[in-house]
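Now for the letters of each chain:
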Amino acid sequence: MSKPKTIPRVLGEYWLEEHLGTGSSGSVFKAYHLKKHTRVALKVQRKTLTNAHLDKEKIAYSLLRTCKGIPTLRATGAIGRWKYLAIGLLGPSLESLYQKDTKPIVGFLTDTKPRAIMDLRTVCSIAIQLISRVQSIHDRGVLHRDIHLGNCLVGLPPDEGTIYLIDFAFSNCYEDPKTGQHIPYQQRDQGPFVGNYFFTSKNVHCHLKEPARRDDMEAVALVLIHLLIPGGLPWTIYGDPHANAIMDFVHASKCYTLPEDLCRGIPSEFKDFLQDCRQLKFTASPDYDHWKNTFRQLAQTHGFSNIDRFIWPPPPLPLESTKTSLRLSL
Ligand SMILES: Nc1ncnc2c1ncn2[C@@H]1O[C@H](COP(=O)(O)OP(=O)(O)OP(=O)(O)O)[C@@H](O)[C@H]1O
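Bear in mind that the values here come from a model prediction, so they are computed numbers and not experimental data.

A. The arrangement of the overall build of the protein chain in detail. The number of helices and strands found in the protein chain is ten helices and ten strands. With 330 residues in all, the protein chain has 50% of them scored as buried. For the protein chain, the proportion of contacts with a sequence separation of at least 24, taken over those separated by at least 6, is 64%. Taken as a whole, the protein chain presents about 16,500 Å² of accessible surface, with 55% of it coming from carbon and sulfur.

B. Quick look at the packing of aromatic side chains. Tallied over the entire structure, the rule returns eleven aromatic pairs. With a centroid separation of 5.5 Å and 70 degrees between ring planes, the pair formed by Phe273 and Phe295 is classed as edge-to-face. Remark: Phe295 occurs in helix α9 (residues 288–301) and Phe273 occurs in helix α8 (residues 268–279); sequence separation between them is 22 residues. Each member of the pair, Phe273 as well as Phe295, carries the same accessibility label: buried.

C. Molecular detail of empty space enclosed by the protein. Following the criterion strictly, the structure yields one cavity of 30 Å³ or more and no others. Each pocket or cavity is described by its volume, and for the largest cavity that value is around 110 Å³. Around the largest cavity sit 13 residues that line it, and Arg145, Asp146, Thr200, Asp215 and Asp216 are the ones nearest its centre. Sorting elements by how many residues they give to the lining of the largest cavity places helix α5 (residues 213–228) first, with three residues. Class assignment for the residues of the lining of the largest cavity results in seven nonpolar, two polar and four charged.

D. Region of interest: the site of the ligand. If you check the shell around the ligand, you find 18 residues, and the closest are Ser24, Ser25, Lys43, Leu90 and Asp167. For the ligand, an oxygen atom lies 2.7 Å from a polar atom in the side chain of Asp167. In isolation the ligand exposes 620 Å². Once the protein is present, 83% of that is buried. Of all the secondary structure elements, the ones that give two or more residues to the shell around the ligand are β2 (14–23), β3 (26–33) and β4 (39–46). Looking at which element gives the most residues to the shell around the ligand, the answer is β2, with three residues. The class makeup of the residues in the shell around the ligand is seven nonpolar, eight polar and three charged. Taken domain by domain, the makeup of the shell around the ligand includes at least three residues from each of domain 1 (10–88) and domain 2 (94–329).

E. Structural detail: the pairing of strand β5 (residues 73–79). Examined bridge by bridge, β5 and strand β6 (residues 82–88) share six bridges and lie antiparallel to one another. Paired with Ala75 across the strands is Ala86, a residue of β6.

F. Structural context of α8. Here α8 contains twelve residues, and its C-alpha end-to-end distance of 16 Å stays within 8% of the 16 Å for a straight helix at 1.5 Å per residue. Those residues of α8 lying buried are Phe270, Phe273, Leu274, Cys277 and Arg278. Looking straight down α8, one finds its buried side chains confined to an arc of 130 degrees; they lie on one side. Along its buried surface, α8 packs onto α3 (120–139), α4 (202–205), α5, α7 (259–262) and α9.

Each value, and the rule that gives it
Residues numbered from 1 in each chain as written. Predicted model: local features only at pLDDT ≥ 70, side-chain atom pairs only at ≥ 80, totals over all residues. Heavy atoms only, no water. Helix = DSSP H or I, 4+ residues; strand = E, 2+ residues; numbered from the N terminus. Buried < 20%, exposed > 50% of the residue type's maximum accessible area, 1.4 Å probe, protein only. Contact = heavy atoms within 4.5 Å. Areas by Shrake-Rupley, 256 points an atom, 1.4 Å probe, with all protein chains shown as cover. Phe/Tyr/Trp six-rings, centres within 6.5 Å; stacked < 30°, edge-to-face > 60°. 1 Å grid on protein atoms, 1.4 Å probe; cavity = no way out; pocket = protein on both sides within 12 Å on 5 of 7 lines; lining within 4 Å. Points joined across faces, edges and corners; volume = space filled by probe spheres on them. Nonpolar A, V, L, I, M, F, W, Y, C, P; charged D, E, K, R; others polar. Near = heavy atom within 4 Å. Polar contact = N/O pair within 3.5 Å; in protein donor to acceptor, adjacent residues only side chain to side chain. Domains from an automatic or database assignment. Pairing = 2+ DSSP bridges. Expected span 1.5 Å × (residues − 1). Arc of directions from axis to C-beta.

Here is the structure:
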């Protein structure tokens, strides 16, 4: 990913050291504060850009201050043609860890089916952390609305066992902060797509429903299933959905693939989780604790006792779970 050329190397008191990524809300840099001698992630956007993503993120980060696994908003400002958010610097995304392990299999294995990429311990550990993140942001009245692998980042040492949720550009409140009233149910028109094509829930993507708490949870369920099933979610096989034909394929595949077909060969807890998210009422509060316990129990059944810390690369498998893992990868 190349650094946008027009952004100056020094922005106010920040020295832009390394380009970390570019998306719909702007470009993100690893930046050095020239006076405080600290490093942050600096999200930079042109002032003239009409979308108000950075302003939305600023509000969300303020509402989520002190939530575990949500980076701290350090500063906001504007310099010349640019505005920026300075956020706590984190490590790699789950997407980049996943991609590192999905290099083509060479040699005689080339013709076999793709392997399950992440092991059950890792996926259960991600499950517990992501459900906890979603629970704590929902507790503050906030919906994320764009949960995907690229928005789940691992902390930097010594915090590399924590998974963080970033990018609140599409976030929204689901209740009125004054009255506590839930946002009204509405059918959305065919408008600009909100969220991530691969992981946005079926209700939002296929039935054009307004996103609610259930849809953040479904995105988590789809992330987990993607990581565990060989080759990932079937609608991701053509990669980034740039062309209309691929978008149509993603849409149709997501709308018509049944949870039991999607989750064939992996523990039934994942199918149950997906089904539960899809069956929740628009205003319902998901049972976060039940699902955290379910994945902790599942891990325990397979011989993994302490899974609250994310560990990558994964530790060696305990003997009793080796057989199960082999079965999952066939
Ligand atoms: N706090 C951070 N620490 C380290 N890297 C970060 C941080 N925030 C963002 N990044 C990197 O920058 C990338 C883009 O960030 P972000 O998702 O916030 O931007 P975006 O413009 O909203 O992107 P998109 O439109 O793809 O969602 C991330 O995938 C990650 O690689």
